[in-house]
Structures are given as C-alpha cells and as structure tokens.
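If you want the building blocks of each chain, they are given just below.
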Amino acid sequence: MRVVLLGAPGAGKGTHCRRIVSQYDVLHLSSGDILRRERAEGTDLGKQAQSYMDSGTLVPDGLIVEMMSKAVKAAPGAGYVLDGFPRTVNQAEALDQSLADGESGIDVVINLQVDDDVVVERITGRRSCPKCGAVYHVKNMPPKQEGICDHDRAELVQRPDDTADVVKNRLATYYEQTKPVVDYYKAKRTVHDVDANGDADAVAALLFEKLDALSN
Ligand code: AMP
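Residues numbered from 1 in each chain as written. Predicted model: local features only at pLDDT ≥ 70, side-chain atom pairs only at ≥ 80, totals over all residues. Heavy atoms only, no water.

## Details of the sheet that holds strand β3 (residues 80–83)
Spatial ordering of the open sheet is given by β2-β3-β1-β4-β7, a layout of five strands whose pairing is parallel. In this open sheet, the two strands that pair with only one neighbour each are β2 (27–30) and β7 (192–195). The average angle at which neighbouring strand axes cross in this sheet is 20°, direction not considered. Across four bridges, strand β1 (residues 2–7) lies against β3 in parallel orientation. Among the inter-strand pairings, V4 is bridged to a residue of β3, identified as L82. (Pairing = 2+ DSSP bridges. Helix = DSSP H or I, 4+ residues; strand = E, 2+ residues; numbered from the N terminus. Axes fitted to C-alpha atoms, helices over the stretch in contact; angles between N-to-C directions.)

Written out as structure tokens, the structure reads:
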C-alpha cells in the first residue's frame, strides 16, 4: 500500500506513520527525518538544509524532490507511507510525474485536520530521544522518568524548530505552501479527511477505520 499522509506540523503525522508501518509492514519515508539524518551526518544536503529547517521555512523543492524520488524508488514492493512530503504543489506534481514514469501510483491520501492552538500546544511540549527517535510530550505522553527516554535512558531533547517562535513560522509556511497540496489532491482524487484534534488513540481509531476499509 502506498499512502500519503498530509497535515500541519503537529497534526501527528510521525506518530501515526509509525502505527501504520507496524500494522501494514510498509516503509516510513519522512522527509524531515531524512533531512535530520543528513544533517547529523554532515552531508552537503544536510548543510544546505540547515538554515531553512532552523527558521521553519521550506528547503528548496529541487533538493527535496531529488532526495524523496530516490527514497520512493528504493522502497520495497510492500509500499510506503510518505510523511512531510509533498509539501508544495511543485513537489506533488514532481511526485506524480516520477510515479507515472514507474509502475505504481499512490493508493490513499489521508489529511489529518488539526486546530492551530492544538498544534502549538503539541509542538512546544514535544520532546524526542536523540538516540532512538522515540517521541514524547511533556503532558500528553510523558516518559516514565522526566526528561529520560523509556527505551534507552538517553536524555530527551527539544527539536530546535519546536520552539514557540519557530512554530508560528512553520504554521504560516503550512498555510501558504502546504495547504494548497490538499486542494491539489482533492481536485484529482478522493482525499480522506481525519479529525486529528483528539488524543493519539482516538485519532488512530478513526484513521485505521479508513485504512482498513480501503486496504480490503
Ligand atoms: P518535519 O519534521 O516534517 O516537520 O520537517 C522539519 C523541517 O524540514 C521543515 O520545517 C522543513 O524545513 C524541512 N522539510 C521537511 N520536509 C520538507 C519538504 N517536503 N519540503 C521542504 N522542506 C521540508
């Protein structure tokens, strides 16, 4: 199954992608995670992406399209779930073009809908493990011991772009450049809207109801 998961920052794309991956055995292709890995490894791409990411603006389409086309082409036959890509109409068109050149298209587009105040609360309280990538929230999903990862005892960190100021920019960027991607898909195919304001289990129940129906 090939899924595109759309939604504002903080809509829960990462959390729900991890659940989709374990349920359907597909690959999680997160453009944000790939970029963070490139940065950690100090690659040219990582260096080029750095200033955009830290200010909450988008990395140029050319760099992203090349990076994600490679990842999609290398994905095994069981499929993938795209998280954070496409984030501009240009990227969506480039993805359609590269899939049209191959043999497999997107099966499902899901749009997680979330209110701005929920986004700000979720993102500014988010903490993650630099070692294993586990994600927590100081209130909604706290680790057993404050500030420490349950899995490997590493000290949790706040992503530099999860601060209140940067979140405002990321939301503005979302409305300007990424929301039109929802309209782009809606003009071409069914987009499944899911109310993502609730807690993770409630949202997952709504999401899997749709995905289970579509995958049968
Ligand atoms: P995320 O983890 O998906 O919130 O992404 C973190 C940051 O990486 C974003 O704020 C952008 O700077 C950059 N980024 C991730 N995905 C994309 C994309 N598809 N297009 C452009 N920039 C991206």
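## Some words on the pattern of salt bridges
In the structure shown here, the tally under the stated rule is 11 salt bridges. Residues D54 and R39 are paired through a salt bridge, measuring 3.1 Å at the closest nitrogen-oxygen approach. Remark: R39 occurs in helix α2 (residues 31–40) and D54 occurs in helix α3 (residues 44–55); sequence separation between them is 15 residues. Two residues, D96 and K188, come together in a salt bridge whose shortest N-O distance is 3.0 Å. Of the two residues, D96 sits in helix α5 (residues 89–101) while K188 sits in helix α7 (residues 164–188), which places them 92 residues apart along the sequence. For K188, a relative accessible area of 54% translates into the label exposed. (Salt bridge = Lys/Arg side-chain N within 4 Å of Asp/Glu carboxyl O. Buried < 20%, exposed > 50% of the residue type's maximum accessible area, 1.4 Å probe, protein only.)

Keep in mind these numbers describe shape, not what the thing actually does.
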